[in-house]
Amino acid sequence: MSALDRPVVRPRPVYLNLIGIRLPLPGIVSFLHRVSGAVLFLLGIPLLLLAVQCSLGSAEQFASLRSALAHPLGKLVTIGFVWAYLHHFCAGIRFLLLDLHVADDLAPARRSSAAVLAVSLALTLVVGVRLW
Amino acid sequence: MVTRPLRQAVGAHYGWKDWLAQRVTAVVMAVYTLLVLGIALWNGGVDYALWKALFANGAWKLATFVFMLALCWHAWIGVRDIWMDYVKPVGLRLALEALTVLALAAYVGWTVQILWGAR
């Protein structure tokens with residue numbers, strides 16, 4: 001077997017310097033999609049169920065939930081979950097479109113990831129302004 | 001001789017059905033979310049009477065239950081992916097996956113209690 005026929009063997013495993021790599025915007029959106037999903041699963045679902053259960057209990061419970069959410073701390077928590085839901089929602093729509101090969105070239109994909117960040121933050125801001 | 005890689009008990013499920021389910025459930029949840037938003041905006045906010053009447057409606061109860069099933073199915077795939085990516089020891093991964101299933105089952109049970117339980 002001549003040297004030419006021999007397959008090129010690269011040293012494996014390959015170790016990436018994760019700290020040295022700058023994550024591009026679509027990567028940041030993707031990672032935040034995962035983080036927001038995890039938070040919604042772990043805290044969002046039980047808190048949502050608790051809130052719905054409380055709100056349907058009685059008019060008094062409905063009012064006390066209202067006032068708890070009107071507390072500054074309640075507002076902050078609400079805004080946090082609103083952002084998590086909005087980001088997960090918008091990034092999810094983007095992934096669905098990418099699956100359909102809509103804007104899946106490099107440049108449009110970068111632009112759409114910026115749009116996801118911007119739209120979810122802007123909508124969170126709108127909700128935040130309305131709450132305060 | 002060709003040797004096939006061993007299939008891991010808690011590895012990927014070697015198929016596209018989870019991928020598809022994650023997307024279908026996402027669409028279901030998106031529609032329900034827009035419905036809730038639409039109802040709130042249409043009525044200019046939600047008070048107790050409206051909220052109570054909405055959740056007394058059988059069709060809405062069913063829609064909410066389907067939303068919750070979609071949410072839990074969706075979350076199962078997503079959270080399982082997180083365990084598969086970051087947790088390598090098989091025993092620990094299996095334990096975390098089992099806990100995830102239990103949590104999701106509890107969420108569904110809780111939803112049934114809220115929707116159809118005695119108040």
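A. Up close: the environment of B:Arg23. Relative to the helices and strands, B:Arg23 is located in helix 1 (residues 17–42). Through-space distance from the C-alpha of B:Arg23 to that of B:His74 is 8.1 Å; in sequence the pair is 51 residues apart. Apart from the residues within four sequence positions on either side, B:Arg23 is in contact with A:Leu96 and A:Asp99.

B. Region of interest: the packing of helix 1 (residues 25–57) of chain A against helix 2 (residues 48–56) of chain B. Closest axis-to-axis distance for the helix 1 of chain A/helix 2 of chain B pair is 9 Å, and the angle between their directions is 110°. Comparing the axis directions of helix 1 of chain A and helix 2 of chain B gives the class roughly perpendicular. Residues A:Val52, A:Ser55, A:Leu56 and A:Gly57 of helix 1 of chain A pack against B:Tyr48, B:Trp51, B:Lys52 and B:Phe55 of helix 2 of chain B. Tallied by class, the residues present in the contact of helix 1 of chain A with helix 2 of chain B amount to five nonpolar, two polar and one charged.

C. Inspection of the confidence of the model for chain B at higher detail. All names here are of chain B. This prediction gives chain B a mean pLDDT of 91; 88% of its residues lie at or above 70. Here helix 1 is the element of chain B with the lowest mean pLDDT, 95, and helix 4 (residues 90–116) is the one with the highest, 97. The complex model carries a pTM of 0.86, and its ipTM stands at 0.87.

D. Region of interest: helix 3 (residues 58–86) of chain B. Under the 1.5 Å per step criterion, the end-to-end length of helix 3 of chain B is 42 Å for 29 residues, consistent within 8% with the ideal 42 Å. N-capping of helix 3 of chain B is provided by B:Asn57, with a side-chain oxygen placed 2.8 Å from the backbone N of B:Ala59.

E. Just the nonpolar core, in detail. Counting residues in each nonpolar core, the largest one holds 25 residues, and the members touching the most others are A:Phe41, A:Ile45, B:Phe55, B:Met68 and B:Tyr107. At the level of secondary structure, the elements contributing two or more residues to this core comprise helix 1 of chain A together with helix 1, helix 2, helix 3 and helix 4 of chain B. No other element matches the eight residues that helix 3 of chain B contributes to this core. Each residue touching B:Tyr107, except ones within four places of it in the same chain, is listed here: A:Phe41, A:Leu42, A:Ile45, A:Pro46, A:Leu49, B:Met68 and B:Cys72. Within the second largest apolar cluster, five residues are counted, among which are A:Val29, A:Cys90, A:Ala91 and A:Val116.

F. Geometry of helix 4 (residues 106–131) of chain A. Residue and element names in this part refer to chain A. Helix length check: helix 4 (26 residues) gives 38 Å between terminal C-alpha atoms against 38 Å at 1.5 Å per residue, within 8%. Looking only at helix 4, the buried set comprises Ala109, Ser112, Ser113, Val116, Leu117, Ser120, Thr124 and Gly128. The elements touched by buried residues of helix 4 are helix 1 and helix 3 (72–99).

G. Fine view of the interface of chain A and chain B. Counting from both sides, the interface comprises 23 residues of chain A and, opposite them, 30 residues of chain B. Summed over both partners, the interface of chain A with chain B comes to about 2,300 Å²; 72% of that surface belongs to carbon and sulfur atoms. Its largest share of buried area at the contact with chain B, chain A owes to A:Arg34, A:Phe41 and A:Leu56, together 31% of the area lost on that side. At the junction of chain A with chain B, the criterion picks out two salt bridges. For A:Arg34, the salt bridge goes to B:Asp85, with nearest N and O atoms at 2.8 Å. At the junction of chain A and chain B, the tally comes to nine residue pairs in polar contact (both at pLDDT 80 or more). Of all elements in the fold, only helix 1, helix 2 (59–70) and helix 3 of chain A reach the threshold of two or more residues within the side of chain A that touches chain B. Of the residues forming the side of chain A that touches chain B, the biggest block, 14 residues, is contributed by helix 1 of chain A. Counted by class, the side of chain A that touches chain B contains 15 nonpolar, five polar and three charged residues.

Conventions used here
Residues numbered from 1 in each chain as written. Chains lettered and ligands numbered in written order. Predicted model: local features only at pLDDT ≥ 70, side-chain atom pairs only at ≥ 80, totals over all residues. Heavy atoms only, no water. Helix = DSSP H or I, 4+ residues; strand = E, 2+ residues; numbered from the N terminus. Contact = heavy atoms within 4.5 Å. Axes fitted to C-alpha atoms, helices over the stretch in contact; angles between N-to-C directions. Parallel < 35°, antiparallel > 145°, perpendicular 65-115°, else oblique. Nonpolar A, V, L, I, M, F, W, Y, C, P; charged D, E, K, R; others polar. pLDDT = per-residue confidence, 0-100. Expected span 1.5 Å × (residues − 1). Polar contact = N/O pair within 3.5 Å; in protein donor to acceptor, adjacent residues only side chain to side chain. Core = buried A, V, L, I, M, F, W, Y, C linked by side-chain atoms within 4.5 Å. Buried < 20%, exposed > 50% of the residue type's maximum accessible area, 1.4 Å probe, protein only. Buried area = accessible area lost by both parts, 1.4 Å probe. Salt bridge = Lys/Arg side-chain N within 4 Å of Asp/Glu carboxyl O.

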